[in-house]
Structure formats: C-alpha cells, structure tokens
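Report on the structure
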Amino acid sequence: MDLADFELSQEDLQEIETLEFNALQTSFRDISSDDESENLHVPKKRRRMVINSDSESDSVKDFVLQNLPTSSNTYTKWKNPTGCTARVIPFTEPTGMKFPFSRDLSQGDPEDFYSLLVDDSLFEIIAEQSNLFATQSFGDKDFKPCSRSHTWQPTDKHEIKRFFGLILFMGLVKLPSISDYWSTDDIFQQPFPRTVMTRNRFELLLQYLHFADNYNLNSNDRIGKIRYLVNLLNDKFKAYYAPKEELCVDESMIPFRGRVTFRQYNKSKRHKYGIKLFKVCTNPGYTLKIQVYSGKNIDIENNTPTKIVLSLCDELLNKGHTIATDNWYTSLELAYELLKNDTHFLGTVRKNRKYLPRKVVETNLKRGEFVAQENDCGITVLKWKDKRDVLMLSTKHTDKFTRLNVRGKAVQKPAMVIDYNKCKASVDMSDQMTAYSTPLRKTVKWYRKLAIELLLNTAVVNALIMYKETTKKNISVVDYRKNLVQYLTKSGRPETGNLALELRPKRRKHELVKKEGPVRKMRRFCVGCYKNNVEKMSRKDAKNKTLKVPTYCLQCDGQPHYCLPCFNRQHRT
C-alpha cells in the first residue's frame, strides 16, 4: 500500500494513539499471565508513528498493528517442545578439496599439498623482508666488532626454505638448545643439520627473520608485523578446501611469556599465558580462518563473542552450515543472527545469559532427567543432568534422545549433545595434531613465534588432511613432517655434495704483524694482558701493569694488539 500521499485528521491521530496503547497493554497482559515466561519490560517511551495518508481508517489500523512489537518476536515467549523444529535449513554444498585440485593431485606427494598453501612466492616475500630488515638494522644499530652480523649476506627463497626445513627437523628431534644441533658432543651430535646449513648462518637468519617492512606499518595495527601473512594464509585455506556441514568456532593459545600488550591469561588452558587465536574449524580438524586477538580496545571486530563468530564465519553464512560454540560465545542474540543468515547454531550456554527460560534454568534435576522449552523461532533450550548439569541451546534440534552403546552399556543422550561433541571435535583435533612434534621454541619475538605456528603447524595439518582425503593414503603427522623436512631442506641444493661445506667461508689464517713506523708511536696495550689483569685488579692498576706492544693481528676484527704469548693463547689453542 502506498502511503506517500496520505493525510490524517487530528481525530485519526488520536484514534491511532489509543489503538497503539491498547495493543501494548494487551500484549503485556498476555505475557504476564504465562507462568512459564519472564517479565516483559515495556519501554518507557512509545514510538509515535507519523503517517502522511488519506486512506481509510481500517487500512491505517492494519498498518499500525503490523508494525507493533509483539510477544512472538521477543526472547521471552517460551513453551514446551512440540517435537519438531520450526525450520530445517538444508545443506547442499560440496565438501572436501575443491575441483580441479582434487583431480590433479589424486596421486600427489605430501609436498604438493603443502606447496598449495605455502608456495614459493611466500618464501620469496619472506626473503625480501628479511633482507630489508637486515639492511635497516645495520643503519640503526652499532654492532660490536665481534658481532656475527658483520658476516650477513642477502638470502633467497631457497635458503629460507632450507631454514624452515631445519626448524621442522628441530620439532621432530628435540634438543635443549639450538646450538646443540651442531654440537660435536657424543651425546648431542646430529649429522643432518650441518649438511644443510652452518650454525652461524642459521642463527643469523633466525635473528633477521621478518615478514613486513617496519617503516610502512600501520601504527594502529598491533599485529601489523604479521598481518599480511595471516591474511594470505586465510585466503589459501579457503581457496582449496570446502568445509563440511558442521563448523566449530573456538580459541587457541600460542604459548608466549614475553612482553607484548595483547598477551592473554587463561587458567583453563594448558599454556596459561600466550597469544590468543580465534579460529573456525571443520572436521576432521581443518582450519578455515584465523584471527589474532590484539586487545579489546584496538580490535573492534573481536570485542564481543557475537561479533567474533559473525566475522569468522562471514563467508560461510547462508549455506546451511551448523556452527557450534562453547558457553563463552553462545547467546540468544547470536542464535537469532545466524538464523537470519540461514545457518543453524548449537552450543552450551551459561545459565546467566539474558532471556533464557526461567523454568529450564532453575529446575533441579536428578541424573538422567531433563527439561526443555522452545520459542516460536525454533530455538530450543535444554537442560540435562549427567554427572553435572548440561545446559544447551540449539536451532536445529528438539528434546529428542538417541540411544548409544558406551563401553558395552546402552545409554541415552540428547541428540544435540551428540552433535555438539561431533562439531567440537574439529578444533580439539586441530590442536592435538599441531601439538605433535611442534617446532615452537622459546623466543622474545612474538611475531616470529606466531609465524612459525601458522607456517609449520596450522598449514602442515591442513595440508595433511587434504593429502589423506584426496589420495586415500593413511599417514601419521610425524611421517608427514619428515617428508616436508626432506622437501624443504633440498631446495636449491645440488644432487650430490654437502651444501653447507661448499658455502662455508674459508678459515682465515691469523698472523702476528708488527706495525711499521716508530715503535714509541705504534705501541698499544696488549688486549690479552689487559683482560687478564682487569680480572685481578682495578682498571687503572690493570692499565699500568699491561704491556704495550707494536704487534697486532691483521685478520681479527678491529685489528687488536697482542703480545706473542697472548696471541698464541688466543689463536693457537
């Protein structure tokens, strides 16, 4: 009905206002008379609808009644379950690895699937940013003469791949410290790392490993150093794999005790301190999207549980998926938002959430008993007593039970509890598989640890799942990591020979040389004698006792002066 040209008299407006007030009073009395519902809070101010119309009074009344708030679209109207869902949203999307990649890689090797997610172009970007960071560091810092940074040479994608291959190897073979992998000790000695890279070169690459230009970062983005890598991997994860019907949104914790503003504490986690990741997963543990929590005041998208779920699943809505969450995310608000987007919702819920049916929340149950209520939108809230009370919310299920065989005994469980455990297993499986032979180590750089988690844990598990589903081959995550170590460490290497020995710089031959010129002017304090004397006496006394010599080492950095005994002690022993 077109109301653009309507004109109302003063009597019509008074009649509309009276009709609106009476309708609100009637709605309030209907809800108050229901013992199983909560009180409806009538707003203090009633909205005045101004309609420019000249239509008949009956049409105006119908229009007003259609736009009045009623009890059917509020959270408070609950009733006993009818045994059938109000709305079934079908899921018809294809699942698994997308076509044509599944056809082309049906006989692929493990490294082929990993290369889809982490390709050579990404290693090239890491090499460029590491070289840039090293160049910027040389201009901003004054290094000591003996610092290994003076030996820095630009890296490339092949060396970066070998570097990450060694980090993967360190996850398979655990040793107390990084230097132990190149140790000649009979207990710690490992022959493999020295064939790939020297220890000094590995530690130098680890020192300058970088993923973004520090001079072009957004000052308001706390994870700017890693933002590009996170976005790139999220695009890769969804480009090659279509999720199953069941999805799960949850958080994971990357252990980190260093100094970072958005470090979190969660006493329920195994690693209580760390960087929090929000992620959405699908069975059997494939990670579809990751968001790094950078603080409530900074991260506007991730400041409420409802916004977190909607932002993580923004590209998965309107497809008939079922999203499961734990009680930190679950609310009636989120359930209604997902129903609007043709997505089912399932999860445990806290009893202090708003608008839950009081009868369900407050009823005391014995083991095996249950109580449930639903509303007109098809949202069911169920409370079931097992070892303890389990409070569930679902837009897909009713209060039906399913018989199961658990440890040889027939037991009955609510269908929504069984499906919730199935959905929740995806995140648990993802965390479990990433924990096997993880290469994470203690570090003072948060972005370095986060990058290793994404590149060598999350991406590896995703590639393993695609490999197993596409090739129908069963392989453990440890064996899959071992194959990736062989693939990465062979990048850019000749077929035969020891690349580390070929690239190792020749050992310099140190010689004691006498400075030309008058001896009185060329003499300097012996470095070795002064170092020994300063340990026994004050600096002033050590300076007076130290011998001045005209001889120095031409090959040492800074060309220090040595007497003959100190030179031999320094270079010959």
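Residues numbered from 1 in each chain as written. Predicted model: local features only at pLDDT ≥ 70, side-chain atom pairs only at ≥ 80, totals over all residues. Heavy atoms only, no water.

- The name given to the chain in an unreviewed UniProt entry is PiggyBac transposable element-derived protein domain-containing protein, with Parnassius mnemosyne as the source organism.

Here we look at the overall build of the chain
- The helix and strand inventory of the chain stands at 20 helices and 17 strands.
- Split into buried and exposed, the 573 residues of the chain put 45% on the buried side.
- Taking as baseline every contact in the chain between residues at least 6 positions apart, the subset at least 24 positions apart corresponds to 66%. (Helix = DSSP H or I, 4+ residues; strand = E, 2+ residues; numbered from the N terminus. Buried < 20%, exposed > 50% of the residue type's maximum accessible area, 1.4 Å probe, protein only. Contact = heavy atoms within 4.5 Å.)

Points about the pairing of strand S11 (residues 389-394)
- Bridge analysis of strand S8 (residues 344-348) against S11 gives 3 bridges, and the strand direction is antiparallel. By the bridge assignment for S11, Gly347 is matched with Leu393.
- As judged from the 6 bridges shared by strand S10 (residues 380-385) and S11, these two strands associate in the antiparallel manner. Counterpart to Leu382 in the pairing with S11 is Met392.
- Where S10 hands over to S11, the hairpin turn is made up of 3 residues, counted between the paired strands. (Pairing = 2+ DSSP bridges.)

Looking at helix H13 (residues 415-435)
- Taking 1.5 Å per residue as the helical rise, H13 with its 21 residues ought to reach 30 Å, and the 31 Å between its terminal C-alpha atoms agrees with that figure.
- At Ala425, H13 is bent by approximately 30°, the largest bend along its length.
- Taken together, the buried positions of H13 are Ala415, Met416, Val417, Tyr420, Cys423, Lys424, Ser426, Val427, Ser430, Met433 and Thr434.
- Directly beyond the C-terminal end of H13, a positive phi value near 55° is found at Ser437. (Expected span 1.5 Å × (residues − 1). Bend = angle between axes of the 7 residues up to and from the residue.)

A few points about a positive patch on the surface
- Together, Arg520, Arg523, Arg524, Lys543 and Lys548 line one region of the surface with positive charge.
- Along the chain, the position of Lys548 falls in strand S16 (residues 548-549). (Patch = residues over 30% accessible without salt bridge, like charges linked within 9 Å, V, L, I, M, F, W, Y side chains within 5 Å. Areas by Shrake-Rupley, 256 points an atom, 1.4 Å probe, with all protein chains shown as cover. Salt bridge = Lys/Arg side-chain N within 4 Å of Asp/Glu carboxyl O. Lys, Arg positive; Asp, Glu negative; His and termini not counted. Charge placed at Lys NZ, Arg CZ, Asp CG, Glu CD.)

Looking at the packing of aromatic side chains
- Taken as a whole, this structure holds 21 aromatic pairs when the rule is applied.
- Aromatic side chains Phe101 and Tyr240 sit 4.7 Å apart centroid to centroid with 75° between the ring planes, which places their arrangement in the edge-to-face category. Residue Phe101 is found in helix H3 (residues 101-104), and its partner Tyr240 is found in the loop between helix H9 (224-239) and strand S2 (241-242); the two are separated by 139 residues along the sequence.
- For Tyr240, a relative accessible area of 13% puts it in the buried group. (Phe/Tyr/Trp six-rings, centres within 6.5 Å; stacked < 30°, edge-to-face > 60°.)

Considering the pattern of salt bridges
- What the rule picks out here adds up to 18 salt bridges.
- The residue Asp235 makes a salt bridge to Lys238 at a minimum N-O spacing of 3.7 Å. Of this pair, Asp235 and Lys238 both sit in helix H9, 3 residues apart, which is roughly one turn of the helix.
- The salt bridge involving Lys424 is made with Asp250; its shortest N-O contact spans 2.6 Å.

A word on the nonpolar core
- Membership of the largest hydrophobic core comes to 108 residues, with the highest contact counts inside it found for Phe164, Ile226, Trp446, Leu455 and Tyr480.
- For this core, the leading source of residues is helix H14 (residues 446-471), giving 16 residues.
- Filtering out sequence-adjacent residues up to four positions away, Phe164 remains in contact with Phe123, Ile126, Leu209, Leu455, Leu456 and Leu488. (Core = buried A, V, L, I, M, F, W, Y, C linked by side-chain atoms within 4.5 Å.)

What to know about helix H18 (residues 527-534)
- Considered for burial, the residues of H18 that qualify are Gly528, Cys529 and Asn533. Seen from one end, H18 has its buried residues packed into an arc of 125°, which puts them on one side. (Arc of directions from axis to C-beta.)

Things to note about the packing of helix H10 (residues 305-312) against helix H11 (residues 332-340)
- In contact at an axis separation of 9 Å, H10 and H11 are set at 25° when each is read in the N-to-C sense. By the angle between their axes, H10 is roughly parallel relative to H11. For the pair H10 and H11, the crossing hand works out as right-handed. Contact with H10, carried on its side by Thr306, Val309 and Leu310, involves Glu333, Leu334, Glu337 and Leu338 of H11 and no other residues of that element.
- Residues belonging to the contact of H10 with H11 are distributed by class as follows: 4 nonpolar, 1 polar and 2 charged. (Axes fitted to C-alpha atoms, helices over the stretch in contact; angles between N-to-C directions. Parallel < 35°, antiparallel > 145°, perpendicular 65-115°, else oblique. Left-handed = near helix turned anticlockwise from the far one by under 90°. Nonpolar A, V, L, I, M, F, W, Y, C, P; charged D, E, K, R; others polar.)

A few points about the side chain of Glu251
- Note on placement: Glu251 falls in strand S3 (residues 246-255).
- Reaching out from Glu251, the side chain makes a polar contact with the side chain of Tyr329 at a distance of 2.6 Å.
- Dropping the residues within four chain positions of it, Glu251 is found in contact with Asn266, Lys269, Lys276, Leu277, Phe278, Asp326 and Tyr329. (Polar contact = N/O pair within 3.5 Å; in protein donor to acceptor, adjacent residues only side chain to side chain.)

A short note on the environment of Tyr241
- Following the sequence through the fold, Tyr241 ends up in strand S2.
- Along the backbone, Tyr241 and Leu288 are 47 residues apart, and their C-alpha atoms lie at a distance of 8.2 Å.
- Aside from chain neighbours lying at most four places away, what touches Tyr241 is Gly96, Met97, Lys98, Thr282, Asn283, Pro284, Tyr286, Leu288, Ile465, Met466 and Glu469.
- At 2.6 Å, the side chain of Tyr241 forms a polar contact with the side chain of Lys244.
- A polar contact is formed between the side chain of Tyr241 and the side chain of Glu469, at a distance of 3.0 Å.

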